[in-house]
Structure formats: C-alpha cells, structure tokens
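Residues per chain are reported as follows:
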Amino acid sequence: MASADRLLDRLVEVGKRLVAEPRRLNRYSGVQAADELINDLDRFPHAYVIACVMDRQMQAEKAWLVPYELKQRLGAFDIGFLGGLPLAAYERAMAWPTHLHRFHQSMACFVHDAVQRICRQYGGDASAIWAGRPSSADVVARFREFRGVGPKIAAMAANLLVRDMKVSLSDHQSIDISADPQVQRVFTRMGFVPQGASLTDMIHCARRLHCDYPGIFDGVLWELCRTVCLPQEPRCTDCQWSTLCGYGRTASQ
Ligand code: SF4
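If you're wondering where the values come from, they're calculated on a predicted model, not measured in any experiment. (Residues numbered from 1 in each chain as written. Predicted model: local features only at pLDDT ≥ 70, side-chain atom pairs only at ≥ 80, totals over all residues. Heavy atoms only, no water.)

**Topic: the overall build of the chain**
Next, step 1: Each helix and strand in the chain was counted, giving 14 helices and 0 strands.
Next, step 2: Counting helices and strands in the order they occur from the N terminus, the chain gives α-α-α-α-α-α-α-α-α-α-α-α-α-α.
Next, step 3: Relative to the 2.2 N^0.38 estimate, which gives 18 Å for 253 residues, the radius of gyration of the chain is 19 Å and therefore close to what a compact globule would have.
Next, step 4: For the C-alpha atoms alone, the extent of the chain along its principal axes is close to 60 × 40 × 30 Å.
Next, step 5: Evaluated residue by residue, the chain yields a buried proportion of 51% over its 253 residues.
Next, step 6: The averaged location of the 27 negative side-chain charges in the chain is 2 Å from the averaged location of its 30 positive side-chain charges. (Helix = DSSP H or I, 4+ residues; strand = E, 2+ residues; numbered from the N terminus. Rg over C-alpha atoms; globule rule 2.2 N^0.38 Å. Buried < 20%, exposed > 50% of the residue type's maximum accessible area, 1.4 Å probe, protein only. Lys, Arg positive; Asp, Glu negative; His and termini not counted. Charge placed at Lys NZ, Arg CZ, Asp CG, Glu CD.)

This is how it looks when you write it as structure tokens:
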C-alpha cells in the first residue's frame with residue numbers, strides 16, 4: 001500500500017478513535033470554570049452556541065471564555081434571564097471593564113441575536129438544535145442561521161458536538177473539514193492537496209477522501225498545527241506522522 005493510502009487510513013482510524021472515546025471535560029478555553037460551563041450541555045446548551053458564535057477573528061481560547069465572562073458580568077446565565085436583556089446590556093458586558101472580543105460591538109449584537117433566536121425558535125433550549133439524532137446537514141444548517149456564523153464555524157460547531165460532546169447525529173456527511181489556513185497547511189504538507197490549493201479545494205478533497213465524514217481529519221490536524229507542524233519550521237523529527245507525511249518523508253531524506 002502506498003504511503004498516501006496508509007496515511008489516509010491512519011488519519012481516519014485516529015479520527016474515529018477520537019469520536020469513540022468516552023466523553024470528558026473538553027478544554028476549550030483552558031479556564032476550568034469556563035470549560036465546565038461550555039461542557040454543561042444539559043443546563044447551559046446556549047453557552048456552547050454562544051462560544052461558537054464568538055469563535056472568529058480572535059484567539060480561540062479567548063473566544064471560548066466569553067460565555068463564562070458574560071455570566072460573571074451579567075450576574076446569571078439561564079436563558080430566561082438572558083432572553084429578557086436588551087442589546088445595551090450585552091454591549092456593556094462585552095465592553096466593560098475590558099473588551100471580551102476584538103469586535104465587541106458586533107459580537108454583542110450576535111450574542112443578543114443568538115439568545116433571541118434560541119428563545120424564539122427553540123423554546124429557550126439550544127439543545128433542540130442537535131437533539132433527536134438529526135442529520136448533520138440539519139445541524140450545520142441550523143448553526144448557519146445564527147447571525148455571524150459562516151460555513152466554517154457551522155462545520156466546526158457540528159464537528160465538536162460529535163467528536164467532543166458525543167452528540168449522536170444520524171450521519172456525518174455534511175461536516176466538512178475546517179476551512180482554516182492552519183489546517184490547510186498540514187493537509188498540504190501531508191500531500192493531499194498541492195501547494196497553492198484554495199480552502200475550497202481542500203474541502204472538496206476531504207469530501208473525496210472520506211465522504212462519510214469529511215471533518216474526521218480535524219482533530220488530528222488541529223493538534224499537529226498547534227504542536228509540531230508549525231508555520232515556519234515543522235518539527236518533523238518529533239512528529240509521529242513523519243514516515244507517512246509527504247513533507248516529512250522528503251525532509252528526512
Ligand atoms: S511530518 Fe512534518 S510536515 Fe508532516 S505533519 Fe508532521 S510536522 Fe507536519
């Protein structure tokens with residue numbers, strides 16, 4: 001079997017193992033209380049949705065802190081309370097005493113909109129977005145309805161629900177690989193797409209490689225791009241994929 005095929009098989013195998021692992025506390029922000037809030041899908045499913053809405057144009061760890069910081073600043077976080085707050089309350093909480101997001105003004109609007117949508121469309125229970133084993137297409141489409149959520153965030157939201165939160169969906173076909181330059185860097189170095197390929201090319205490639213669940217590569221690729229597959233100098237000698245990865249094999253010759 002060629003290295004590329006073995007690499008693909010191994011990536012899928014590890015991706016499946018991550019999905020099959022028992023649920024644990026997922027570390028998104030690195031702050032215990034904030035991560036506990038995000039992981040509490042039974043009592044605060046809207047915290048997960050709000051964190052996903054925030055996860056753009058700033059460091060991910062800080063974005064995933066926002067629900068907890070809002071809880072502290074607003075004094076409560078149950079959806080009934082949040083749903084009764086005017087936009088001005090979110091604008092103030094997002095801006096004072098420190099800015100919670102690089103684009104705190106627009107994000108305040110997005111949080112307010114998200115809460116109103118959860119109250120109006122889901123009866124105040126955000127878990128209705130993913131309850132009852134819906135299709136991945138439905139879940140992605142429901143996230144896309146939130147203001148500020150594009151295809152990348154919607155795919156990520158569905159992917160983390162499946163992989164980290166162990167939410168059961170009827171299929172995974174509409175969960176794309178993360179359209180992120182960092183993920184793209186690793187995917188390109190591994191040899192799945194040529195240098196200069198676009199994010200769209202990468203998405204289509206991942207769909208071809210594993211149409212049942214194109215986003216299955218995300219977990220491994222994210223870990224690599226944060227640890228060894230660094231932008232300037234990949235640390236291939238420390239990478240467990242070096243004998244299969246196209247770049248790693250070339251670098252070792
Ligand atoms: S072998 Fe090197 S280039 Fe390939 S994934 Fe690992 S660190 Fe990145």
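After presenting the structure, the write-up continues.
**Topic: the nonpolar core**
Next, step 1: Of all hydrophobic cores here, the largest spans 87 residues; its most connected members are Tyr48, Trp64, Trp130, Phe143, Phe187, Met190 and Phe217.
Next, step 2: With 9 residues, helix α8 (residues 104-122) is the single largest residue contributor to this core.
Next, step 3: In this view, Phe143 contacts Tyr48, Val49, Ile129, Trp130, Val149, Ala154, Ala157 and Leu161; residues no more than four positions away in its chain are not counted. (Core = buried A, V, L, I, M, F, W, Y, C linked by side-chain atoms within 4.5 Å. Contact = heavy atoms within 4.5 Å.)

**Focus on the environment of Ile177**
Next, step 1: Inspection of the secondary structure puts Ile177 in the loop between α10 (151-163) and α11 (181-190).
Next, step 2: For the pair Ile177 and Ala155, spaced 22 residues apart in the sequence, the C-alpha separation amounts to 7.4 Å.
Next, step 3: Setting aside chain neighbours within four positions, we find Ile177 in contact with Val183, Phe187, Met202, Ile203, Ala206, Pro214, Gly215, Phe217, Asp218 and Leu221.

**Let's talk about α11**
Since the α-helix advances by 3.6 residues per turn, residues separated by three or four positions end up pointing in the same direction.
Next, step 1: With 8 of its 10 residues buried, α11 lies for the most part within the structure.
Next, step 2: Of all the residues in α11, the buried ones are Val183, Gln184, Arg185, Val186, Phe187, Thr188, Arg189 and Met190.
Next, step 3: Elements that come into contact with the buried residues of α11 comprise α1 (3-20), α12 (199-209), α13 (218-227) and α14 (246-251).
Next, step 4: With its phi angle positive at about 100°, Gly191 sits one or two positions after the end of α11.

**Topic: the pattern of salt bridges**
Next, step 1: Enumeration according to the criterion identifies 9 salt bridges in this entry.
Next, step 2: In this structure, Arg10 and Glu13 form a salt bridge, with 3.2 Å as the shortest nitrogen-oxygen distance. Here Arg10 pairs with Glu13, and both are found in helix α1, just 3 residues apart, close to one helical turn. (Salt bridge = Lys/Arg side-chain N within 4 Å of Asp/Glu carboxyl O.)

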